[in-house]
Amino acid sequence: MKKKLFIVAAGIITVLTSCSNNGDTADIAESDKNIYNIELVNNEKWVINEDMMVHIKKMETDIQSISTQTDPNYKELGSKLDTHIGLLTSNCTMTGKGHDELHKWLLPFIDLVNELNEAGSKKEQKDSFFAIEESMNEFNKYFK
């Protein structure tokens, strides 16, 4: 349990400290909120910097490739996602409201990857994978 808390805390600290925020604000419609409380302005997706988006797209590709396999290697996927998350956070150059909204998706996504990595059975791995897959679908609804 202590190890899990440490991993989650380390992930949150890494994400929060590896990006800068300049506090930009915008008018946001209350109806544009979702399960992650990601806020959209004028119903437009947030633009992710290209240096960061490349890592998110690699995660998406890895997730999609696992979904078509008959005997997926969830452990390998978890390792790949951890690598991409590390590269994503170390290449964070976003600022402002878009940056803040990305964190609303990214922090729970990191938790889901940690759950996948700590899953003790194939069923737990599969359940974690489906949650990760859904999270990536949510990403695509609010970011481009």
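Residues numbered from 1 in each chain as written. Predicted model: local features only at pLDDT ≥ 70, side-chain atom pairs only at ≥ 80, totals over all residues. Heavy atoms only, no water.

Novice: It is not clear to me how helix α2 (residues 50-67) should be interpreted in this structure. Could you clarify?
Specialist: Every α-helix winds through 3.6 residues per turn, so residues three or four apart in the chain are directed the same way. The end-to-end C-alpha distance of α2, which contains 18 residues, comes to 25 Å, matching closely the 26 Å that a straight helix rising 1.5 Å per residue would cover. Along its buried surface, α2 packs onto α3 (74-90), α4 (96-118) and α5 (122-142). (Helix = DSSP H or I, 4+ residues; strand = E, 2+ residues; numbered from the N terminus. Expected span 1.5 Å × (residues − 1). Contact = heavy atoms within 4.5 Å.)

Novice: How should the environment of Trp46 be read in this particular structure?
Specialist: By the element assignment, Trp46 lies in the loop between α1 (2-17) and α2. Under the relative-accessibility criterion, Trp46 is labelled buried at 14%. The sequence separation of Trp46 and His99 amounts to 53 residues, and the corresponding C-alpha distance is 8.8 Å. Every residue in contact with Trp46, bar those within four places of it in the chain, is listed here: Ile38, Glu39, Leu40, Val41, Lys97, Gly98, Glu101, Tyr142, Phe143 and Lys144. (Buried < 20%, exposed > 50% of the residue type's maximum accessible area, 1.4 Å probe, protein only.)

Novice: Can you help me understand the environment of Asp111 in this one?
Specialist: You can see Asp111 is positioned in helix α4. Sequence-wise, Asp111 and Ser128 are 17 residues apart; in three dimensions their C-alpha atoms are separated by 10.0 Å.

Novice: Help me understand the pattern of salt bridges in this model?
Specialist: Any two side chains of opposite charge can pair, on the condition that their charged atoms come close. A full pass over the atoms with the stated rule returns 9 salt bridges. The salt bridge involving Lys104 is made with Glu39; its shortest N-O contact spans 4.0 Å. In this pair, Lys104 is assigned in helix α4 and Glu39 in the loop between α1 and α2, connecting sequence segments 65 residues apart. Given a relative accessible area of 27%, Lys104 falls into the partly exposed group. According to the relative accessible area criterion, Glu39 is buried, its value standing at 13%. The shortest N-O distance in the salt bridge between Lys122 and Asp71 comes to 3.6 Å. Here Lys122, found in helix α5, pairs with Asp71, found in the loop between α2 and α3; they are 51 residues apart in sequence, far enough to count as distant. For Lys122, a relative accessible area of 42% gives the class partly exposed. For Asp71, a relative accessible area of 59% gives the class exposed. (Salt bridge = Lys/Arg side-chain N within 4 Å of Asp/Glu carboxyl O.)

Novice: Honestly, the nonpolar core in this entry has me stumped. Any pointers?
Specialist: The nonpolar side chains of a soluble globular protein tend to be buried with one another. Membership of the largest hydrophobic core comes to 33 residues, with the highest contact counts inside it found for Ile48, Trp105, Phe109, Phe139 and Phe143. Put simply, the parts of the chain that give this core at least two residues each are α2, α3, α4 and α5. Top contributing element to this core by residue count: α4, with 8 residues. Beyond its immediate chain neighbours, meaning those up to four positions away, Phe139 contacts Ile48, Met53, Ile56, Leu102 and Trp105. (Core = buried A, V, L, I, M, F, W, Y, C linked by side-chain atoms within 4.5 Å.)

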